[in-house]
Amino acid sequence: MENNQIRYYKPFVGPFDPCPPIRLKSFSTPPQLFIPFQPPNLPQFSPYEALKYGTLWPALFSPYDSKNTKLEAGD
Amino acid sequence: MSAVLNEDYYKLLHELQAIDFVLVELNLYLDTHPNDSNAIQQYNHCAEIRHQIAYQYETKYGPLKHFGQSLSGVPWSWNEAPWPWQV
């Protein structure tokens, strides 16, 4: 399930870095960053779905999956 | 506290948890949208449903809260196991 809310960037890697470099890092951009003020009457989840998804409104849902899976170069 | 850990017990708790979450979301939404009458109507509707579910639960399995926020049967049992984190 491709998560379109994840963005990637490549940190700078210098020759004298003390630890092995992390070449690709990602961050999540949930919908609330792009909605200045929540409009009224957005479509809603059912109570059980809302409990599962963690929000009452599908428009504001953000998967926020764990990052321990192998990072693919989606940059 | 008999009849605990059976199917109906968890079903009721799941229902209560879901409706409580909807109420929390609506409450937070209404804090910033005080004039949204639809949301207020939904909030009141959900509050009634929550009251019914809680009453159903409490008649079967005992009080959910104390200090007057729940009716109590005999014997006095709000402090009996299982506590919420033990369920």
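Our subject is the structure listed above.
Residues numbered from 1 in each chain as written. Chains lettered and ligands numbered in written order. Predicted model: local features only at pLDDT ≥ 70, side-chain atom pairs only at ≥ 80, totals over all residues. Heavy atoms only, no water.

Concerning the environment of Val74 of chain B
So, point 1. Within the secondary structure, Val74 of chain B is located in the segment after helix 2 (37–61).
So, point 2. Taking the relative accessible area as the measure of exposure, Val74 of chain B reaches 85% and is therefore exposed. (Helix = DSSP H or I, 4+ residues; strand = E, 2+ residues; numbered from the N terminus. Buried < 20%, exposed > 50% of the residue type's maximum accessible area, 1.4 Å probe, protein only.)

Considering the side chain of Glu25 of chain B
So, point 1. Here Glu25 of chain B shows up in helix 1 (residues 7–32).
So, point 2. For the buried Glu25 of chain B, no salt bridge is present, and the opposite-charge side chain at shortest range is Lys52 of chain A, 15 Å distant.
So, point 3. In this view, Glu25 of chain B contacts Gly54, Thr55, Leu56 and Trp57 of chain A; residues no more than four positions away in its chain are not counted. (Lys, Arg positive; Asp, Glu negative; His and termini not counted. Salt bridge = Lys/Arg side-chain N within 4 Å of Asp/Glu carboxyl O. Contact = heavy atoms within 4.5 Å.)

A few points about the pattern of salt bridges
Residue and element names in this part refer to chain B.
So, point 1. Enumeration according to the criterion identifies three salt bridges over all chains in this entry.
So, point 2. Between Lys11 and Glu15 there is a salt bridge; the shortest N-O distance is 3.1 Å. Taken together, the residues Lys11 and Glu15, both in helix 1 and four residues apart, mark about one turn of the helix.
So, point 3. Residue Lys11 is classed as partly exposed on the basis of its relative accessible area, which comes to 44%.

Examining a nonpolar patch on the surface
So, point 1. Nonpolar side chains collect at one region of the surface, where Leu5, Tyr10 and Val87 of chain B lie side by side and expose about 260 Å² of accessible area between them.
So, point 2. With respect to the secondary-structure elements, Leu5 of chain B resides in the segment before helix 1. (Patch = residues over 30% accessible without salt bridge, like charges linked within 9 Å, V, L, I, M, F, W, Y side chains within 5 Å. Areas by Shrake-Rupley, 256 points an atom, 1.4 Å probe, with all protein chains shown as cover.)

Digging into the nonpolar core
Burial of nonpolar side chains together is a common tendency in soluble globular proteins.
So, point 1. Core analysis: the biggest nonpolar cluster contains 22 residues, and Leu56 and Trp57 of chain A together with Cys46 of chain B have the highest contact counts within it.
So, point 2. For this core, the elements supplying multiple residues, two or more each, are helix 1 and helix 2 of chain B.
So, point 3. The biggest single contributor to this core is helix 1 of chain B, with ten residues.
So, point 4. When near neighbours in sequence (up to four residues on either side) are disregarded, Leu56 of chain A contacts Pro43, Gln44, Phe45 and Ala50 of chain A together with Phe21, Val22, Glu25 and Leu26 of chain B. (Core = buried A, V, L, I, M, F, W, Y, C linked by side-chain atoms within 4.5 Å.)

Looking at the interface of chain B and chain A
So, point 1. Contacts between chain B and chain A engage 14 residues on the former and 14 residues on the latter.
So, point 2. Carbon and sulfur atoms make up 66% of the surface buried where chain B meets chain A, a total of about 1200 Å² over both sides.
So, point 3. Considering only the side of chain B, the residues that lose the most area to chain A are Phe21, Glu25 and Tyr29 of chain B, jointly responsible for 36% of the buried surface there.
So, point 4. At the junction of chain B with chain A, the criterion picks out zero salt bridges.
So, point 5. If you look at where chain B meets chain A, you find four residue pairs in polar contact (both at pLDDT 80 or more).
So, point 6. Sorting the residues of the side of chain B that touches chain A by element identifies helix 1 and helix 2 of chain B as the ones contributing at least two each.
So, point 7. It is helix 1 of chain B that contributes the most residues to the side of chain B that touches chain A, ten residues altogether. (Buried area = accessible area lost by both parts, 1.4 Å probe. Polar contact = N/O pair within 3.5 Å; in protein donor to acceptor, adjacent residues only side chain to side chain.)

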